[in-house]
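So the chains spell out like this:
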Amino acid sequence: MTAFRLAHLSDLQLPPPPLPFRWRDVASKRLLSRFAWRRKQHRHDQVVLDAIAADIAARRPDHVAITGDIINFSTPEEFAAARAWLANLGDPGGVTVSPGNHDALSARGAPEAFAPWRPWLGDDGADFPYLRVRGPVALINLSSAVPTALHLAQGELGAAQIAAARALLREAAERGLYRVVLVHHPVAPDVVSGRKELVDADALRAMLAEAGAELILHGHAHEALLTTVPGPAGAIPVLAVPAASTPAGGRGQPARWNELEILRDGAGFRTTVTARGITPELTVEHKGSFVLA
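Residues numbered from 1 in each chain as written. Predicted model: local features only at pLDDT ≥ 70, side-chain atom pairs only at ≥ 80, totals over all residues. Heavy atoms only, no water.

1. Structural notes on the overall build of the chain
Helices and strands together make up the secondary structure of the chain, namely seven helices and 12 strands. Looking at the chain residue by residue over its 293 residues, the buried ones come to 52%. Accessible surface for the chain amounts to roughly 12300 Å². Of this, 53% is attributable to carbon and sulfur atoms. (Helix = DSSP H or I, 4+ residues; strand = E, 2+ residues; numbered from the N terminus. Buried < 20%, exposed > 50% of the residue type's maximum accessible area, 1.4 Å probe, protein only. Areas by Shrake-Rupley, 256 points an atom, 1.4 Å probe, with all protein chains shown as cover.)

2. Observations regarding helix H4 (residues 76-89)
Taking 1.5 Å per residue as the helical rise, H4 with its 14 residues ought to reach 20 Å, and the 20 Å between its terminal C-alpha atoms agrees with that figure. Among the residues making up H4, those that are buried are Glu78, Phe79, Ala82, Trp85, Leu86 and Leu89. Around the axis of H4, the buried residues are gathered within 125 degrees of arc, so they sit on the same side. Residues of H4 that are exposed and point more than 90 degrees away from the buried face comprise Ala84 and Asn88. Lining the buried residues of H4 we find helix H3 (46-59), strand E2 (63-66), strand E3 (95-97) and helix H5 (118-121). (Expected span 1.5 Å × (residues − 1). Arc of directions from axis to C-beta. Contact = heavy atoms within 4.5 Å.)

3. Side note on unusual backbone geometry
For the peptide bond that leads from Phe128 to Pro129, omega is 5 degrees, which places it in the cis range. Structurally, the position occupied by Pro129 is in the loop between H5 and strand E4 (130-134). Here Arg60, not a glycine, exhibits a phi torsion of approximately 50 degrees, which is positive. Considering the arrangement of structural elements, one finds Arg60 in the loop between H3 and E2. For Arg60, a relative accessible area of 64% puts it in the exposed group. Positive phi, close to 65 degrees, is recorded for Leu282, a residue that is not glycine. Structurally, Leu282 is set in the loop between strand E11 (268-278) and strand E12 (284-292).

4. Digging into the packing of aromatic side chains
Counted under the stated rule, the structure contains six aromatic pairs. Relative to Phe114, the ring of Phe79 has its centre 6.4 Å away and its plane inclined at 40 degrees; by these criteria the two rings are tilted. With Phe79 in helix H4 and Phe114 in the loop between E3 and H5, the pair connects residues that are 35 residues apart, well separated along the chain. There is no split in this pair, since Phe79 and Phe114 are both buried. Between Phe128 and Tyr130 the ring centres are 4.9 Å apart and the planes differ by 70 degrees, which places this aromatic pair in the edge-to-face class. Assigned by exposure class, Phe128 and Tyr130 land together as buried. An aromatic cluster is defined as three or more aromatic residues linked by ring pairs; in this entry it consists of Phe79, Phe114, Trp117, Phe128 and Tyr130. (Phe/Tyr/Trp six-rings, centres within 6.5 Å; stacked < 30°, edge-to-face > 60°.)

5. Re the pairing of E12
In this structure, E11 lies alongside E12, joined through eight bridges in antiparallel fashion. Residue pairing in the sheet places Ala275 in a bridge with Gly288 of E12. (Pairing = 2+ DSSP bridges.)

6. Considering the nonpolar core
The tendency in soluble globular proteins is for nonpolar side chains to be buried as a group. Residues Leu9, Ile66, Ile70 and Trp117 are the most contacted members of the largest nonpolar core, which totals 34 residues. Sorting the residues of this core by element identifies strand E1 (4-9), H3, E2, H4, E3 and H5 as the ones contributing at least two each. With six residues, H3 is the largest single contributor of residues to this core. Setting aside its immediate chain neighbours within four residues, Trp117 contacts Ile70, Ile71, Phe79, Ala82, Arg83, Leu86, Val97 and Asp103. (Core = buried A, V, L, I, M, F, W, Y, C linked by side-chain atoms within 4.5 Å.)

7. Some remarks on the sheet that holds E3
Spatial strand order, E3-E2-E1-E10-E11-E12: six strands in an open sheet with mixed pairing. Pairing within the sheet leaves two strands with one partner each, and these edge strands are E3 and E12. Strand-to-strand twist of the sheet, defined as the mean angle between neighbouring strand axes without regard to direction, takes the value 20 degrees. Examined bridge by bridge, E1 and E2 share four bridges and lie parallel to one another. Bridge assignment links His8 to a residue of E2, and that residue is Ala65. Sheet contacts for H3: E1, E2, strand E10 (256-265), E11 and E12; angle to E10, the most-contacted strand, approximately 25 degrees. (Axes fitted to C-alpha atoms, helices over the stretch in contact; angles between N-to-C directions.)

8. Observations regarding the side chain of Gln161
When you line up the elements, Gln161 lands in helix H6 (residues 159-174). You can call Gln161 buried: its relative accessible area is 8%. Within the structure, Gln161 has its side chain in polar contact with the backbone oxygen of Leu157 (distance 3.0 Å). When sequence neighbours within four positions are dropped, the list of residues in contact with Gln161 reads Phe128, Pro129, Leu142 and Ser143. (Polar contact = N/O pair within 3.5 Å; in protein donor to acceptor, adjacent residues only side chain to side chain.)

Right, here's the structure in full:
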């Protein structure tokens, strides 16, 4: 039987196009974030991101999952530029985006409900969570992206979204599908500091312990991570990748993406993870493989 291959990347942080000055931004997080971007922009290079994207395209996965922080300031200009980049990456039916905190940095002037990216969020439904079924895989797409106060990068799902996700996970389990939860913020405890955490992670973990999932993918930490959270029949693996635009040799872990091969194995599934990362020469090379228990 042929394996289903899922590509995972995160935290693209596309360099912003020229942005007009708006008085409404003075009273929002955008002004502070612009100063922060001037200090940190060297940590994100679109040349690196485009090399990662080209490597993904060359590997021809069955689907691509992006777990947030596509942009930086949540301006209309950035949403439009990111939409063009996503369209170049692939057909919306083959790419799923879970928004991050930078995508919801400020509610002022930002497109409502991430509207420019709607084709990449889900197949139907009016709001998160979205369910996308591709082959043997069910993608449960959550949004932890909410505007926050200055110096905070927290996320929140809300009780209604967690309850709806429980129903989708149960439905997918009844259909015998491999359930992948997509969310920007880490799900396991103590991965990031309190000012960057998912504030209702306890409620999400309680739901997952009851409903279960085969895999959770996230970003936000800018690190390659393998953690777990409790499930009804054992630990659920939780995978994260570094920012997809970080150069090698700079500050932070270099850009990387994971290729997940999901294969039916008797009554269950076998998942092989292959990491591919950027080099100082801007090539992308194999960084290792392992099988999830």
